[in-house]
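One-letter residues, chain by chain:
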Amino acid sequence: MVGERVARRLPQNWTWIVGTRAAVLLSLAVALLSVATGIVNIEQPAADFGPVAAYVPAIVQQGVGFTGALTGFLMVASALALRRGLRVGWYATVVLLPMTAIQGLLQASPYSIPLVVLSLISLPTVLITRRQFDRELGLTTTQLAAGGALIGVQAYGTFGAFALREDFDGISNLLDAFYFTLVTSSTVGYGDIGPTSPDAQLFTMSVVVLGVASFGIAIGALVGPAIQARITKTLGKMTESQLELLENHILVLGYGELTEPIVDELNAAGRSFVIVTKDREAATELAERDIPVVTGDPSDEAPLERAHIERAVAAVVATNHDAEDALSVLTARELASDLRIVAAATDRENTTKLERAGADAVISPAVLGGSLLVRSALGSDNSALIDRILEDEEP
């Protein structure tokens, strides 16, 4: 019976794996091909090729060559997001694939035929694998604010420069205004466009100040965590910048046999969490699995403060040592009086002690597991039993 169930699941899992990998690999192939054809068509003169060539001006063919390379780089980012199972990567890929096909047609070049064909072939594969990409991006408030600031400054500079175009030497359209803003705010400053009036000079100075600040904040908030994640995986601990981004997370105090199921449940629920453990070997292993961890005794104040217990929404204490758990609960309660704390009592006799230490709810895994086994053997529904046990365990 078990063998039949496993046999039925294998084709489904195999289909899921193959479909996901195919979507990622096809998207990456389109991305690389789009960059390559875009660069080739920028260098090559306008070609008279294909049924649309006669209707596409030469300047448009050159323009889509540049935008084709840009779209290709965006496709690389969306393919990497697909590889991580992110839903936003799926949406971006579905939008970008038709764009690459259209740009390939407008390039009106024989080099673009493989790009058009591969884009059209890849789109159905990505569409049918939608359910495989269900992870949320989970940007923090700081990251959203940093991205919004960067976009806002670029919009401010572009429309402001266009409005003052009579006071600038070299701005005649929105593209010129955006070019000026991007070059100025990034401090590149080619000098081909310059202000010719005091108002334009003051505006340019504001673009420089706001642009440099927004670029710095955006790089620190958006790119920094990715670099720090690699450092975390190497060193086995979270960096201070990563800890500063924690918000509305769940603290898992201590590490033991009960911690793994907790981690699985939190990952499945898509919740942000941090494990605080004094076991350095366990901390290193957790970091290698990309699980956020702070190395330190959870009964001490310093590690909990580093994990920003004041921003946490709940704490779970579930190791095999009730005495150590009681100290962790006590420390957590002193640091965050309103925090909801749930603890597990290895020995049911210690339930009262954990409650006195400050736990809002104490559950005995042994009692819960035994009751579930008996009810399951009798063919009863477990959901009602779980609810009753949890109510009984509440103080």
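Cut-offs applied
Residues numbered from 1 in each chain as written. Predicted model: local features only at pLDDT ≥ 70, side-chain atom pairs only at ≥ 80, totals over all residues. Heavy atoms only, no water. Helix = DSSP H or I, 4+ residues; strand = E, 2+ residues; numbered from the N terminus. Contact = heavy atoms within 4.5 Å. Areas by Shrake-Rupley, 256 points an atom, 1.4 Å probe, with all protein chains shown as cover. UniProt positions renumbered as here; feature names shortened; annotations may be inferred. Buried < 20%, exposed > 50% of the residue type's maximum accessible area, 1.4 Å probe, protein only. Patch = residues over 30% accessible without salt bridge, like charges linked within 9 Å, V, L, I, M, F, W, Y side chains within 5 Å. Salt bridge = Lys/Arg side-chain N within 4 Å of Asp/Glu carboxyl O. Core = buried A, V, L, I, M, F, W, Y, C linked by side-chain atoms within 4.5 Å. Pairing = 2+ DSSP bridges. Axes fitted to C-alpha atoms, helices over the stretch in contact; angles between N-to-C directions. Right-handed = clockwise from strand over helix to strand, strands pointing away. Arc of directions from axis to C-beta.

*Asks:* Looking at this structure, how should I read the overall build of the chain?
*Replies:* Across its full length, the chain holds 15 helices and 8 strands. Looking at the chain alone, contacts between residues at least 24 apart form 64% of all its contacts between residues at least 6 apart. Counting only carbon and sulfur atoms, one obtains 62% of the accessible surface of the chain, whose full area is about 22,000 Å².

*Asks:* Would you explain the UniProt feature "transmembrane region" (unreviewed entry) in the chain in this entry?
*Replies:* The UniProt entry lists residues 54–76, 88–105, 111–129, 141–164 and 202–227 under the feature "transmembrane region" (unreviewed entry), expressed in the numbering used here. With 84% helix and 0% strand, residues 111–129 has its two end C-alpha atoms placed 29 Å apart. Secondary structure content for residues 141–164 is 96% helix and 0% strand, and the end C-alpha separation is 34 Å.

*Asks:* Sorry, what's going on with the environment of Gly152 here?
*Replies:* Its location among the elements puts Gly152 in helix 5 (residues 141–163). The partly exposed category is assigned to Gly152, whose relative accessible area is 36%.

*Asks:* I tried to follow a nonpolar patch on the surface on my own but got confused; where do I start?
*Replies:* Together, Ile113, Val117 and Ile121 give the surface a local cluster of nonpolar side chains, amounting to about 250 Å² of exposed area. Within the fold, Ile113 resides in helix 4 (residues 113–128).

*Asks:* Looking at this model, I keep getting lost on unusual backbone geometry. Mind explaining?
*Replies:* Excluding glycine, residues mostly carry a negative phi; peptide bonds, for their part, are mostly trans. Phi is positive for Thr187, close to 65 degrees, though the residue is something other than glycine. Considering the arrangement of structural elements, one finds Thr187 in the loop between helix 6 (174–185) and strand 2 (194–195). Of note in the backbone geometry, His308 takes a positive phi value of approximately 55 degrees without being a glycine. Checked against the element boundaries, His308 lands in the loop between helix 11 (301–306) and strand 6 (314–317). The buried category is assigned to His308, whose relative accessible area is 10%.

*Asks:* What is the right way to read the nonpolar core from this model?
*Replies:* Across soluble globular proteins, nonpolar side chains have a tendency to be buried as a group. Membership of the largest hydrophobic core comes to 24 residues, with the highest contact counts inside it found for Leu251, Leu253, Ile309, Val329, Leu339 and Ile341. Put simply, the parts of the chain that give this core at least two residues each are strand 3 (250–253), strand 4 (273–277), strand 6, helix 12 (322–335), strand 7 (340–344) and helix 13 (351–357). Beyond its immediate chain neighbours, meaning those up to four positions away, Leu339 contacts Ile309, Ala312, Val313, Ala314, Ala315, Arg333 and Asp360. Counting residues in each nonpolar core, the second largest holds 14 residues, with Val252, Leu286, Ala287 and Ala318 among its members.

*Asks:* How do you make sense of the sheet that holds strand 3 when you look at a structure like this?
*Replies:* Sheet strands line up and pair through hydrogen bonds in the backbone, either parallel or antiparallel. If you walk across this open sheet you meet the 6 strands as 5-4-3-6-7-8, and the pairing is parallel. Across the chains shown, the open sheet's two edge strands, defined by having one partner strand only, are strand 5 (293–295) and strand 8 (361–363). Averaged over neighbouring strand pairs, the angle between their axes works out to 20 degrees when direction is ignored. Sheet topology note: the strand 3/strand 4 ladder contains 4 bridges and is parallel.

*Asks:* For this particular structure, what's the right way to read the pattern of salt bridges?
*Replies:* Here the idea is simple: oppositely charged side chains can pair when their charged atoms come close. Scanning all chains against the criterion turns up 3 salt bridges. Residue Glu324 is joined to Lys278 by a salt bridge in which the shortest nitrogen-to-oxygen separation is 3.8 Å. In this pair, Glu324 is assigned in helix 12 and Lys278 in the loop between strand 4 and helix 10 (280–288), connecting sequence segments 46 residues apart. On the basis of relative accessible area, Glu324 is assigned to the partly exposed category, the value being 37%. Lys278 gets classed as partly exposed once you look at its relative accessible area, which sits at 47%.

*Asks:* What's the story with the pairing of strand 7 in this structure? I'm lost.
*Replies:* Remark: a regular strand shows side chains that alternate across the two faces of the sheet. Relative to strand 7, strand 6 runs parallel, the two being bridged by 4 bridges. Opposite Val317, over in strand 7, you have Ala343 as the bridge partner. Bridge count between strand 7 and strand 8: 3 bridges; the pairing is parallel. Looking at the pairing, Ala344 lines up with Ile363 of strand 8. Considered for its hand, the β-α-β crossover made up of strand 7, helix 13 and strand 8 is right-handed.

*Asks:* Help me understand helix 9 (residues 259–269), please; the structure alone is not making it clear to me.
*Replies:* Side chains three or four residues apart in an α-helix point the same way, a direct result of the helix having 3.6 residues per turn. When helix 9 is considered as a whole, its buried residues turn out to be Thr259, Ile262, Val263 and Leu266. For helix 9, the buried positions fall inside an angular range of 100 degrees around the axis, keeping them on one side. Away from its buried face by more than 90 degrees, helix 9 exposes Glu265 and Ala268. If you follow the buried residues of helix 9, they end up packed against strand 3, strand 4 and strand 6. Taken from the residues just after helix 9, Gly270 is the one with a positive phi, measuring 70 degrees.

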